[in-house]
Amino acid sequence: MDKSTFLYTPGKDGKDTGNCRSCKMFLKQHGICSLHGPKVKINGGMSCGLWVTGGPAVESEMEHVSVAVTPKESGLIEAEVRCVNCEYYKDSKKECLLFEILGIEDHTVEANGCCNAWHAEKEGKKEEKKEGIKRTLRPLKKF
Ligand code: SF4
Ligand code: SF4
């Protein structure tokens, strides 16, 4: 087992890593996602387990919109899903507590990285600074 088991990705998309606004499936102008279909309204601050780096999509990709998954199947939530906002992030060491507990040898992570095991740290708080990075902590909204 290593970090890839949880689809860990470093912060290559900066503060947008893991959110719809940087996902290739996100059709920004239409506020929808290619995988969830035209009836599920999506905004850039949402996220799901099927995130694909390199977005948003180009608008010519409208023809690819389908209803491949439901929000429940994809784990759609509204949250800023980076490590810095995760319950398991040890900011003093830039390590992931979950990966450490599971015995993953290299459990270092980036503040702006993310993975599919993300868990909201403090629900309900608005914003605060950590490591000079502005954290956005909103009530976790599941669909
Ligand atoms: S809902 Fe999931 S697949 Fe769709 S745009 Fe957002 S992260 Fe990408
Ligand atoms: S800190 Fe959270 S989001 Fe980051 S790698 Fe660990 S479990 Fe995943």
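Residues numbered from 1 in each chain as written. Chains lettered and ligands numbered in written order. Predicted model: local features only at pLDDT ≥ 70, side-chain atom pairs only at ≥ 80, totals over all residues.

Chemist: Any chance you could explain the overall build of the protein chain here in plain terms?
Modeler: Along the protein chain, the regular secondary structure elements total 2 helices and 9 strands. Each of the 143 residues in the protein chain was classed as buried or not, and the buried ones make up 32%. Nonlocal contacts in the protein chain, meaning residues at least 24 apart in sequence, comprise 69% of its contacts between residues at least 6 apart. (Helix = DSSP H or I, 4+ residues; strand = E, 2+ residues; numbered from the N terminus. Buried ≥ 20, exposed ≤ 12 C-beta atoms within 10 Å, placed from the backbone. Contact = placed C-beta atoms within 7 Å.)

Chemist: Is there a simple way to explain the site of ligand 1 in this structure?
Modeler: Taken together, 15 residues are adjacent to ligand 1, and C20, C23, F26, C33 and C48 come closest. For the shell around ligand 1, a count of residues per class yields 12 nonpolar, 3 polar and no charged. (Near = placed C-beta within 6 Å. Nonpolar A, V, L, I, M, F, W, Y, C, P; charged D, E, K, R; others polar.)

Chemist: How should I be thinking about the site of ligand 2 in this particular structure?
Modeler: Lining the immediate environment of ligand 2, one finds 15 residues, of which C83, C86, C96, C115 and W118 sit closest. In the shell around ligand 2, the residues fall into 14 nonpolar, 1 polar and no charged.

Chemist: Which parts of the structure should I look at to understand the confidence of the model for the protein chain?
Modeler: For any part of a model where pLDDT is low, the fine detail of the predicted coordinates should not be relied upon. On average, residues of the protein chain score 85 in pLDDT, and 85% of them reach the 70 mark or higher. Mean pLDDT across the secondary structure elements of the protein chain bottoms out at strand β8 (residues 133-136), with 51, and peaks at strand β6 (residues 95-96), with 96. (pLDDT = per-residue confidence, 0-100.)

Chemist: How should unusual backbone geometry be read in this particular structure?
Modeler: Of all residues except glycine, most have a negative phi; of all peptide bonds, most are trans. Note that the residue after G55, namely P56, is joined by a cis bond; omega there is 5°. Among the secondary structure elements, P56 is positioned in the loop between β3 (46-47) and α1 (71-74). Of note, L7 is a non-glycine position whose phi angle comes to about 55°, a positive value. Structurally, L7 is set in the segment before β1 (26-27). Given 14 C-beta atoms within a 10 Å radius, L7 is considered partly exposed. Not every positive phi belongs to a glycine, and K94 is a case in point at roughly 55°. Turning to its location among the elements, K94 is positioned in the loop between β5 (89-90) and β6.

Chemist: Can you help me understand the nonpolar core in this one?
Modeler: Nonpolar side chains in soluble globular proteins generally cluster together in the buried interior. Ranked by size, the top nonpolar core spans 14 residues in total, and within it C20, C23, M25, F26, L27, C33 and I42 carry the most contacts. Put simply, the parts of the chain that give this core at least two residues each are β1 and β2 (32-33). The contacts of C20, once residues within four sequence positions are left out, are F26, C33, I42, N43, G44, M46 and S47. Grouped together as the second largest cluster of nonpolar side chains are 13 residues, A79, C86, F99 and V109 included. (Core = buried A, V, L, I, M, F, W, Y, C linked by C-beta atoms within 7 Å.)

Chemist: Even after reading the chapter, I still don't get the environment of Y8, so can you show me in this structure?
Modeler: Note on placement: Y8 falls in the segment before β1. With 21 C-beta atoms counted inside 10 Å, the residue Y8 sits in the buried group. A sequence separation of 102 residues divides Y8 from E110, and the C-alpha atoms of the two residues are 9.9 Å apart.

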